[in-house]
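A look at the structure
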Amino acid sequence: MVCEMNHGRRPYWRSIRTYWYWFAVIALLVFQWIMYPPVPGPAPPPTGRDVLTEGVHRVRRVVDGDTLLMQSGARVRLEGVDTPETVREDYPVEPWGPEASAFTKEFVQEAGDRVKLTFGNERLDDYGRYLAFVWDGDKMLNEELVRAGLAEARLGWHFSSTLKRRLRLAQEEAKRAKRGIWSNAKSAPTTPRP
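Residues numbered from 1 in each chain as written. Predicted model: local features only at pLDDT ≥ 70, side-chain atom pairs only at ≥ 80, totals over all residues. Heavy atoms only, no water.

**Topic: the overall build of the protein chain**
Secondary structure assignment for the protein chain yields five helices and eight strands. Starting at the N terminus and ending at the C terminus, the protein chain contains elements arranged as α-α-β-β-β-β-α-β-β-β-α-β-α. Per-residue burial for the protein chain yields a buried fraction of 38% across its 194 residues. Looking at the protein chain alone, contacts between residues at least 24 apart form 60% of all its contacts between residues at least 6 apart. (Helix = DSSP H or I, 4+ residues; strand = E, 2+ residues; numbered from the N terminus. Buried < 20%, exposed > 50% of the residue type's maximum accessible area, 1.4 Å probe, protein only. Contact = heavy atoms within 4.5 Å.)

And the structure:
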């Protein structure tokens, strides 16, 4: 008779085991979700003035020797170089600063206000400006400023060793020729700033 009573029904121990099985599966999934939350898909690419990609861009204006304001509103700081200050608030205009600004304006004008930007390993500086190498064809503004003695090479940042070499050679040439900041005409070289 015992067989007739259980016919078509699961034994009691099997139904309890089934509940525990599903409880364990659900608990494991919840645990996994808590410990390893689902990773969202790739974010859509940012748009607007906060984004600057490599390529050709229009320059709205030259801020100073080593800073450009792009048509998009993004600010670009020349990577690997430092020109004397001309527009820093509460800071005097440094010798050779106006010449560096004029040199950069002329470079941009000769490029028709359209320059090509390339980036090193770091995209932004501490002030939210893009760090870039600025090109007009094969001419690199960063290198030309250093060669003219209107900027110091800053080689401690993370960018291509090939570009570092170009800047180093341009600076050696400017020092040998005693151009700009390396001459005694207006001042000694600018002191390093953080």
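**Some thoughts on the pattern of salt bridges**
One pass over the structure, following the stated rule, counts 10 salt bridges. Across the pair Arg-147 and Glu-143 runs a salt bridge, and its minimum N-O distance is 3.3 Å. A residue pair is termed a helical-turn pair when its members lie 3 or 4 positions apart in one helix, as Arg-147 and Glu-143 do in helix 4 (residues 141-147) at four residues. The exposure class of Arg-147 is partly exposed, given its relative accessible area of 22%. (Salt bridge = Lys/Arg side-chain N within 4 Å of Asp/Glu carboxyl O.)

**Re the pairing of strand 1 (residues 55-64)**
Both strand 1 and strand 5 (residues 114-118) contribute to a ladder of four bridges, which runs antiparallel. Bridging from a neighbouring strand, Gly-55 pairs with Leu-117 of strand 5. Pairing geometry for strand 1 and strand 2 (residues 67-70), over four bridges, is antiparallel. Within the sheet, the bridge partner assigned to Val-59 lies in strand 2 and is Met-70. Once strand 1 ends, the chain turns through two residues before running back antiparallel as strand 2. (Pairing = 2+ DSSP bridges.)

**Details of the side chain of Arg-129**
The topology assignment puts Arg-129 in the loop between strand 5 and strand 6 (130-136). Of the polar contacts made by the side chain of Arg-129, one reaches the side chain of Asp-125; its length is 2.7 Å. What Arg-129 contacts, discounting residues up to four positions off in sequence, is Thr-67, Arg-75, Arg-77, Arg-123 and Leu-124. (Polar contact = N/O pair within 3.5 Å; in protein donor to acceptor, adjacent residues only side chain to side chain.)

**Some details on the confidence of the model for the protein chain**
Taken over all residues, the pLDDT of the protein chain has a mean of 84, while the share at 70 or more is 80%. Confidence drops under pLDDT 50 across residues 187-194; counting only partners more than four residues distant or on other chains, this segment forms 18 contacts. (pLDDT = per-residue confidence, 0-100.)

**Brief notes about unusual backbone geometry**
Phi at Asp-90 is positive, roughly 55°, even though this residue is not glycine. Along the chain, the position of Asp-90 falls in the loop between strand 4 (81-82) and helix 3 (97-110). Within the chain, Lys-178 stands out as a residue other than glycine whose phi angle is a positive 55°. Turning to its location among the elements, Lys-178 is positioned in the segment after helix 5 (161-177).

**Regarding a nonpolar patch on the surface**
Residues Tyr-21, Trp-22, Ile-26, Leu-28, Val-30, Phe-31, Trp-33, Ile-34, Met-35 and Tyr-36 make up a contiguous nonpolar surface patch of about 1200 Å² in total accessible area. Structurally, Val-30 is set in helix 2 (residues 12-35). (Patch = residues over 30% accessible without salt bridge, like charges linked within 9 Å, V, L, I, M, F, W, Y side chains within 5 Å. Areas by Shrake-Rupley, 256 points an atom, 1.4 Å probe, with all protein chains shown as cover.)

**A word on the nonpolar core**
Soluble, globular proteins show a tendency: their nonpolar side chains are buried together. Grouped together as the largest cluster of nonpolar side chains are 36 residues, with contacts concentrated most on Leu-52, Leu-68, Met-70, Val-76, Leu-117 and Val-134. Every element with two or more residues in this core is listed here: strand 1, strand 2, strand 3 (75-78), helix 3, strand 5, strand 6, helix 4 and helix 5. Counting residues per element, this core draws most heavily on strand 6, which supplies five residues. Sequence-distant contacts of Val-76, that is, excluding residues within four places in its chain, are made with Leu-52, Asp-66, Thr-67, Leu-68, Met-70, Leu-117, Tyr-130, Ala-132 and Val-134. (Core = buried A, V, L, I, M, F, W, Y, C linked by side-chain atoms within 4.5 Å.)

**What to know about the pairing of strand 3**
As judged from the three bridges shared by strand 2 and strand 3, these two strands associate in the antiparallel manner. Along strand 3, the bridge assignment pairs Leu-69 with Arg-75. Between strand 2 and strand 3, which pair antiparallel and follow one another directly, the connecting turn spans four residues, one of which, Gly-73, has a positive phi of 100°. Where strand 3 meets strand 6, three bridges bridge the pair, whose relative direction is parallel. Residue pairing in the sheet places Leu-78 in a bridge with Ala-132 of strand 6.

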